[in-house]
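Fold and contact review
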Amino acid sequence: MTDPKPRGRWKWLLTAIVILGGVLVFLDELEDTADIAEAVKPPTLPLVSVISAQSSSHAGKVHGFAEIKPRWSATLSAAVSGRIIEVSDHSLAGEQVKQGDSLIRIEDSNFRFNLAQAQQRLSEAELALVQAKNKSEVARKQIARGKTIEATDLALHLPQMRIAEHALAASKVQVEAAREQLRSTVITAPFSGFVTKRDVSPGQTVTAGQALLSLVDDQRFDLEVSLGDADWMLLSKPWDRHTAKLFSQTDQFLGTARIRRGGGFLDAQTRQRKLFLEVVEAKPGLIQPGAFVKVELIGREIEQTLRLPESTLTREGDIWYVDPENRLRRFKADISYREGAHVVVRAPETSTTLDVVRNPLGSFLPGLQVSPRKVEDQ
């Protein structure tokens, strides 16, 4: 008779093997399903911030630098020789004077004497002319009554009368010259400004042509701006329709200037064109001779350009944008203007509106598909 226990063990063992095989098959199928599910999951696209830029006409600014120069700057010299008897407090260095202010006086007794002599000679010349005219008139009447003498110029005293007329004219000029010399003993300010230097003192004897003091204008100021060919072509013309703005080195607004002339010649050393401007409006005390200022000029409008933040420009000078298929593209930036934190560049000929990447990365590759997110231009 056969023992039933070994047969039962085999039955349970076979059942366990079948169950284990089923579990292994299930786990294998589950692993394959997980791999397939993971493989079909779409990859995450890089997120980029873009700015919608419209191609249109833009007028930018052209910048240059210039030194404020006084319209007038003169060294006042003595027109006559003599001893200085007065030096006004206005003539001290640093003093501000008005046009016509008396600055220095030279002893004038000799010049008053010369004027008196010239006036005496003028009176004598006037008398001589009257006498010559009288003699000519008397001779004319005598010839008319007697008719015995031919009416020649000499008989009519006409040469003497012409000499007297010329002597009178010379005497008038001498009087005017003597009066001018007398006026020159008082040195006055030819224009309003500041005294920058004084060269003489009271009691000093000076000669004609000797420097007395230096004066610079404080009312009218001029500037010269040098521009290269590229900036020159960007300027808006004609000149008389525009003014320029003046700023300090810290970008403080100082005033405005008018363009007088420009571009007529090239500077022999820099080979640049020059603009000549005059200050027409300025805040009191801010415009001073010798100051170095930034000049902002109005540029002409350029069609088919984009105004973009400076951050859109890479170190290599490229602009990245996203095409309609959300792929990265780029073009070389042709910069027309720079305006603080913005640049004006020529747009690609094939596009009127571009989604420009605000902050491009160095890892960007043309054709890379991205997920664009539009932001505002700040």
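All of these numbers come straight from a predicted model, not from anything done at the bench.

Looking at the chain as a whole, the pLDDT averages 84, with 87% of positions reaching at least 70. Confidence, read as mean pLDDT per element, is least for helix α1 (residues 4-40) in the chain (59) and greatest for strand β7 (residues 102-106) (95).

All right, on to the packing of aromatic side chains then. One pass over the full model with this rule turns up 4 aromatic pairs. On the numbers, 5.6 Å between centres and 75 degrees between planes, the contact of W320 with F364 is edge-to-face. In this pair, W320 is assigned in strand β17 (residues 318-322) and F364 in the loop between β21 (353-357) and β22 (371-374), connecting sequence segments 44 residues apart. By relative accessible area, which is 9% here, F364 ends up buried. Relative to F331, the ring of Y321 has its centre 6.1 Å away and its plane inclined at 50 degrees; by these criteria the two rings are tilted. One end of the pair, Y321, is in strand β17; the other, F331, is in strand β18 (residues 328-332), and 10 residues separate them in sequence.

By size, the foremost hydrophobic cluster in this structure holds 35 residues, and its most contacted members are I84, L103, I104, I106, V206 and L212. Looking at this core, the elements that each hand over two or more residues are β5 (82-87), β7, α2 (109-146), α3 (158-183) and β11 (211-217). Once you skip the residues sitting within four places of it in the chain, I84 turns out to touch I104, R105, I106, V200, S201, P202, G203, Q204 and V206. By size, the runner-up hydrophobic cluster in this structure holds 25 residues, among which are A66, I68, F221 and A244.

Spatial strand order, β4-β11-β9-β6: 4 strands in an open sheet with antiparallel pairing. Bordering the open sheet on either side are β4 (73-77) and β6 (96-97), each of which pairs with just one other strand. Pairing of β6 with strand β9 (residues 193-198), which is carried by 2 bridges, proceeds in the antiparallel orientation. By the bridge assignment for β9, Q96 is matched with F194.

Quick look at the sheet that holds β18 now. Taken in spatial order, the 5 strands line up as β18-β17-β21-β1-β22 in an open sheet, and their pairing is mixed. Edge positions in the sheet fall to β18 and β22, since each of these pairs with one other strand and no more. Sheet twist, expressed as the mean angle between neighbouring strand axes with direction ignored, is 45 degrees. When β17 meets β18, the two strands line up antiparallel, connected through 5 bridges. Bridge pairing links Y321 to R329 in β18.

This part is about the pairing of strand β16 (residues 292-309). As judged from the 10 bridges shared by strand β2 (residues 56-67) and β16, these two strands associate in the antiparallel manner. From the neighbouring strand, F65 faces β16, where its bridge partner is K294. When strand β13 (residues 243-247) meets β16, the two strands line up antiparallel, connected through 3 bridges. Pairing of L246 across the sheet is with V295, part of β16. With 5 bridges connecting them, β16 and strand β20 (residues 342-346) associate as antiparallel partners. Across the sheet, L306 pairs through a bridge with V345, a residue of β20.

The rules behind the values
Residues numbered from 1 in each chain as written. Predicted model: local features only at pLDDT ≥ 70, side-chain atom pairs only at ≥ 80, totals over all residues. Heavy atoms only, no water. pLDDT = per-residue confidence, 0-100. Helix = DSSP H or I, 4+ residues; strand = E, 2+ residues; numbered from the N terminus. Phe/Tyr/Trp six-rings, centres within 6.5 Å; stacked < 30°, edge-to-face > 60°. Buried < 20%, exposed > 50% of the residue type's maximum accessible area, 1.4 Å probe, protein only. Core = buried A, V, L, I, M, F, W, Y, C linked by side-chain atoms within 4.5 Å. Contact = heavy atoms within 4.5 Å. Pairing = 2+ DSSP bridges. Axes fitted to C-alpha atoms, helices over the stretch in contact; angles between N-to-C directions.

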